[in-house]
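Structure assessment
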Amino acid sequence: MPQNHNITITYGDPITGILTLSDRGQTDVDPGDTVTWMIGNNSGVGQITAISDDPNSTDVFSDDPSKVGGSNNWKGTINPNIARGSLENYTICWQTPSGAVPPCYDPKIQVNP
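What counts and how
Residues numbered from 1 in each chain as written. Predicted model: local features only at pLDDT ≥ 70, side-chain atom pairs only at ≥ 80, totals over all residues. Heavy atoms only, no water. Phe/Tyr/Trp six-rings, centres within 6.5 Å; stacked < 30°, edge-to-face > 60°. Helix = DSSP H or I, 4+ residues; strand = E, 2+ residues; numbered from the N terminus. Buried < 20%, exposed > 50% of the residue type's maximum accessible area, 1.4 Å probe, protein only. Core = buried A, V, L, I, M, F, W, Y, C linked by side-chain atoms within 4.5 Å. Polar contact = N/O pair within 3.5 Å; in protein donor to acceptor, adjacent residues only side chain to side chain. Pairing = 2+ DSSP bridges. Axes fitted to C-alpha atoms, helices over the stretch in contact; angles between N-to-C directions. Disulfide = S-S within 2.5 Å.

**As for the packing of aromatic side chains**
Counted under the stated rule, the structure contains two aromatic pairs. A centroid spacing of 6.0 Å and a plane angle of 55° characterise the contact between Trp-37 and Phe-61, whose relative ring orientation is tilted. Here Trp-37 is found in strand 4 (residues 34-39), whereas its partner Phe-61 is found in strand 6 (residues 61-67), with 24 residues between them in sequence. A single burial state applies to Trp-37 and to Phe-61, both of which are buried. Where Trp-37 meets Tyr-90, the ring centres are 5.6 Å apart and the plane angle is 65°; that geometry is what we call edge-to-face. With a gap of 53 residues between them, Trp-37 in strand 4 and Tyr-90 in strand 8 (residues 87-95) connect regions that are remote in the sequence.

Structure representation (structure tokens):
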């Protein structure tokens, strides 16, 4: 049965763009699962501006992740037909609460073998 994997951004470094994520930068998923990114309180992250595929990386999502309604959360669904063992490097772009735009950050999603 598909699961939802919540990833909380607990800190964003406004200089380097490096994000501290509750999954430590790699989420292990199964085909058909969903992934939800949430911004933690006092994380230094005002909003996520984009979550996208890295060039030359396997796209594990059936549709690109997108913002959930009027919230600051983003959600994506893992392709139900993705090959097990696939690994995607993806990019999270974000802004600080003051609107500064640090470099984007590149975590990973691994489809369980």
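**Quick word on the nonpolar core**
Formed by 22 residues in total, the largest nonpolar core has its most connected members in Leu-19, Trp-37, Ile-48, Ile-78 and Ile-109. Elements with a contribution of two residues or more to this core: strand 1 (4-12), strand 2 (19-21), strand 4, strand 5 (47-53), strand 7 (74-78), strand 8 and strand 9 (108-111).

**Structural notes on unusual backbone geometry**
Among all residues except glycine, the phi angle is most often negative; among peptide bonds, the trans geometry is most common. For Arg-24, which is not a glycine, the phi torsion comes out positive at approximately 60°. Tracing the sequence through the fold places Arg-24 in the loop between strand 2 and strand 3 (26-29). Positive phi is not limited to glycine here, since Asn-42 has a value of about 60°. Mapping Asn-42 onto the fold places it in the loop between strand 4 and strand 5. Asn-42 gets classed as exposed once you look at its relative accessible area, which sits at 81%.

**Examining the side chain of Thr-91**
With respect to the element layout, Thr-91 can be found in strand 8. Among the polar contacts made by the side chain of Thr-91, one reaches the side chain of Asp-54 at a distance of 2.3 Å.

**Some remarks on the sheet that holds strand 1**
Spatially, the five strands line up as an open sheet ordered 2-1-4-7-6, and their pairing is mixed. Each edge of the open sheet carries a strand with a single partner, namely strand 2 and strand 6. Going across the sheet, the axis of each strand differs from the next one's by a mean of 20°, ignoring polarity.

**A look at the state of the cysteines**
Summed over the entire model, instances satisfying the criterion amount to one disulfide. There is a disulfide in this structure between Cys-93 and Cys-104, and the S-S distance comes to 2.0 Å. On the sign convention where negative means left-handed, the S-S torsion of about 105° between Cys-93 and Cys-104 marks this disulfide as right-handed. Note that Cys-93 is positioned in strand 8 and Cys-104 in the loop between strand 8 and strand 9, a separation of 11 residues in sequence. Residue class for Cys-93 comes out buried when judged on its relative accessible area of 16%. Given a relative accessible area of 36%, Cys-104 falls into the partly exposed group.

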